[in-house]
Each structure stands twice: as structure tokens, then as C-alpha cells.
Amino acid sequence: MVNRKRLIKLTQDLLRINSENPPGNERAIARFVSGYLKNMGLRPKIVSFYPNRDNVLAVLPGRRSRSSLLITPHLDTVPAGTGWQFGPFSGEVSGGKIFGRGATDCKGNLAVALEAMQSLLEDKVSLANDLIFLATADEEAGSGKGLIPILDSGIVRPAYALILDSDEFNIITAQKGLIHFKVKVAGLKAHGAYPERGVNAIEHALMLIGILKKMKFKAFSRHSLLKPPTINIGTIRGGDKVNMVADWCEFEVDLRFLPGMEAQKILSGIKKVFAKTKVSFTIQPEDIQQPYEMGRKHPLVESLKKASYGIVRRSDVKGSEGATVITFFKKKNIPAVATGYGAKGCAHTTDEYVRVHDLYRGARILERFIKIFTTLKNSVL
């Protein structure tokens, strides 16, 4: 049975361990989680590809090990910043809420996963198939030192995955794709008093930005769970001195696109439109993550809904506008959904918190889901 007091203390203990990323150092929290799993009677492993960037892996064995379900929260948080009423590493409880950096994203979910597993062990629940627990490093900076090398190395190869990195008991089945790219614009230097003698790269960059912001991607502008594609200009730099015509400028773009759209076609379309301006430019892709979509009737989704009955009023199927690690499982053809128990709008904020009642309900739902899904997998899939 899920233990409410133990869950609260565990969440507080996790919040009191600084795992900000950047700078990025999950060693202390990984050691804590590993020790906690050992106390449960499991045999955790620390998996590291880079110094101090530790991941924690453990398996709750099933009866047959024919298949496996992975549950995976992450260990790192964004930086705490300043201006907190409650200390960012205090784990203070006030008004039914636990405060601290990572309370919603993602240490509350981490605590829920550990508590659900401990409850299963204490109740001597026999699972049909293996349950894999994986707490990862570096999620807040792209997972290049955590989940990505773990999946690429084949250390784990689950049949299904549940990512614990959401809030409000929502079930995430669709996610936008991501393109980060840099546009470099070339101009011609001249004295600032004679701008007509040069070519101002900053002005040309602003022209391209204006064109880019007007692009609508009309062919794929509707999705039942996701908003239309978005474009954000994240950075811009250019020129050498105020009294010179800038001969260089570069800006970085964050573009989010829908399932059914293709990243390379999007980039090709942008290049064609830019080329009509006669501006001297290059486009340099820096990161591409493909969109993701799963059917709402998939057993993962149905099992999560069933697990929530009687505990919460409902678990809504939703889409994610931002990037989560779901796409890394897509590359490996591993069906995956995300869920979580954080407070809506709290992730990455000052005085981040999670509701105690939501953690308690989340642990009960997760425990029930694991029982339901392993049974379903064995008998139906």
C-alpha cells in the first residue's frame, strides 16, 4: 500500500539534493536513489557515459521476462534562480504543497515512481513481466548524457515505455517536432556615416525574420491535440561596432511542427523563400527532433485511463507543445507515452511546488497501472 508520509519525506529528501543543469552533476542524487533502491531489496546500477552525469537503472523482475515495461523520470532540474519565498532546496511543506526546484519537474514524479515500486514489493505483487526503472541525467539539456546514449548502447531495450514527466495526470500521446537552426547573413562593411556604400547584414537578417514569421505552413495547420506550428527567434547577433555597416549577422530559430510534416521539407521550403530575396545567407540545422503521435486506443493509454478510475476524476489525453524524451523512444520503435503528477504551470518557475495530494494519488495510479498493464500485456498483446 502506498505510504503517504513516506512519499512526502522522500520528495523532500530529493528536493534537498541540488541537481541543477547547468552546470550538470547528478552524482549525489543518483547515489541517493541507488541507495533507496538497495534498501528496497533491488540491485540498482549506476550507468555513466560522462563524469558526474549518473543514471540509475534497476529491474523489478517479472515471472517470465518475456517483455518489459520501462518507467523513467529524470534526475536533473533547471537552475533554481533567485527570488524564492521558500528555499529552492528546502523541501518545505506549506498549504498542502511541497516547495523546491524540481518539485513538479521532475522530482515529485521520481518520488512517485520509487514509492509505487516499494509498495509493489511490500505487497509481494508478482508481475508477469519485468518492470524497468530508469532515472536519467541531462534531460533538461537534451538528454545527450543520459537517455540517448543509454538507448543507443542497448543497455535497456523495453517493449514499452512510460515517461514520468508531465502534470495534472494528463496522458501525452502526441508531441510537436522540433527544429533548431541558425541563419547566417553576409553583408559588406562600410563606414557608418556612409551606409549606402555597404550592405547591412543586420537589416537583411531582420527582413528574413519578417518573412519567416509570416510563413503559415497551411498544409498542416490543424491537429486535434496540438496548436499550429510556431516560430520563435531565440537569439540574434551581428556587427562589430556601432559606426560600421555590419557585414555579418546570425540568428537562431526554434520551430515546432506537427505530426505529418517533415523537417527537411520545412527547411527546404524556408530556403526557397529566402532565396527569392537575393540576400546572402546560409541555414545551419543544429537540432532536429521528429514529432510523435500514438493512437488514443493504445493499451498504454487505455491502461493509464483505467488505472485512474476512482482516484482522480479523469486523465485527459493531450498533446505536448514542447519536446520531451518520447521522440527518442520513437527512433527505437518503442511505443511510449508520458504522464505525471506535477502542478500545471509550475515547472521551471520560482517557488515551484507539487501538491501532496497529487503525489499520493499519482503513486496509487502508477502502482495500479503497472499491475493492469503487465496483466494486459500477458493476456492480450
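Computed from a prediction, not measured in an experiment: that's the story for all the values here.

Description of the nonpolar core
Move 1: Core analysis: the biggest nonpolar cluster contains 106 residues, and Val33, Leu37, Phe133, Phe181, Phe329, Leu366 and Phe369 have the highest contact counts within it.
Move 2: Residues within four places of phenylalanine 369 in sequence aside, it is in contact with Leu69, Leu162, Leu300, Ser303, Leu304 and Ala307.
Move 3: Core analysis: the next-biggest nonpolar cluster, separate from the first, contains 5 residues, Phe86, Phe99, Ala343 and Cys346 among them.

Side note on the side chain of glutamate 26
Move 1: Note on placement: glutamate 26 falls in the loop between helix H1 (4-15) and helix H2 (27-40).
Move 2: Of the residues examined, glutamate 26 reaches a relative accessible area of 0% and is grouped as buried.
Move 3: Separated by 3.1 Å, the side chain of glutamate 26 and the backbone nitrogen of aspartate 138 make a polar contact.
Move 4: If near-sequence neighbours (up to four positions away) are discounted, glutamate 26 is found in contact with Asn21, Asn52, Arg53, Asp54, Leu75, Asp76, Ala137 and Asp138.

As for helix H3 (residues 103-122)
Move 1: Most of H3 is tucked away, with 18 of its 20 residues classed as buried.
Move 2: Positioned one or two residues after H3, lysine 124 has a phi angle of 55°, which is positive.

Examining empty space enclosed by the protein
Move 1: Enumeration according to the criterion identifies 2 cavities of 30 Å³ or more in this entry.
Move 2: There is about 60 Å³ of room inside the largest cavity.
Move 3: The wall of the largest cavity is formed by Thr72, Pro73, His74, Cys106, Thr136, Glu139, Leu147, Ile163, Leu164, Asp165 and Val325.
Move 4: In the lining of the largest cavity, the residues fall into 6 nonpolar, 3 polar and 2 charged.
Move 5: Size it by volume and the second largest cavity reaches roughly 30 Å³.
Move 6: Of the residues assigned to the lining of the second largest cavity, the class counts are 5 nonpolar, 2 polar and no charged.

Quick look at the pattern of salt bridges
Move 1: In this structure the tally under the stated criterion is 24 salt bridges.
Move 2: Of the charged contacts, one joins aspartate 240 and lysine 189 as a salt bridge, the two residues approaching to 4.0 Å between their closest N and O atoms. You can see aspartate 240 sitting in the loop between strand E11 (230-238) and strand E12 (244-245) and its partner lysine 189 sitting in the loop between strand E9 (177-186) and strand E10 (190-191), a full 51 residues away along the chain.
Move 3: By relative accessible area, which is 49% here, aspartate 240 ends up partly exposed.
Move 4: For lysine 189, a relative accessible area of 43% gives the class partly exposed.

Quick word on H1
Move 1: Taking 1.5 Å of rise per residue, 12 residues should cover 16 Å, and H1 covers 17 Å from first to last C-alpha, within 8% of that figure.
Move 2: N-capping of H1 is provided by asparagine 3, with a side-chain oxygen placed 3.2 Å from the backbone N of lysine 5.

Here is what the cut-offs are and how they apply
Note that residues are indexed from 1 along each chain, following the sequence as it is written. Only residues with pLDDT of at least 70 get local features here, since the model is predicted, and only at 80 or more are side-chain atom pairs given and counted; chain-wide, interface and lining totals rely on the full set of residues. Hydrogens and water molecules were not included; the side-chain quantities draw on all heavy atoms of the structure. Definition used in this section: a nonpolar core is a set of buried Ala, Val, Leu, Ile, Met, Phe, Trp, Tyr and Cys residues joined via side-chain atoms within 4.5 Å. Each residue's exposure class comes from its accessible area (1.4 Å probe, protein chains only) as a fraction of the maximum for that residue type: buried when under 20%, exposed when over 50%, partly exposed otherwise. Residues count as neighbours in contact if any of their non-hydrogen atoms are within 4.5 Å of one another. Think of it this way: any DSSP run of H or I at least four residues long counts as a helix, any run of E at least two long counts as a strand, and we number them from the N terminus. Within 3.5 Å is the distance limit for a polar contact, defined as a pair of N or O atoms, with the added protein rule that one can donate a hydrogen and the other accept it, and that residues adjacent in sequence qualify only through two side-chain atoms. Throughout, the protein atoms alone are placed on a 1 Å grid, and a set of points is a cavity if a 1.4 Å probe fits but cannot get out or a pocket if it is open with protein on both sides within 12 Å along at least five of seven lines; lining residues have an atom within 4 Å of a point. Grid points are joined across faces, edges and corners, and a volume is the space filled by probe spheres set on the points. Residue polarity follows a fixed list, in which Ala, Val, Leu, Ile, Met, Phe, Trp, Tyr, Cys and Pro are nonpolar, Asp, Glu, Lys and Arg are charged, and the others, Gly among them, are polar. Take a side-chain nitrogen of Lys or Arg and a carboxyl oxygen of Asp or Glu: if they are within 4 Å of each other, that pair is a salt bridge. Helix span, expected: 1.5 Å multiplied by one less than the number of residues in the helix.

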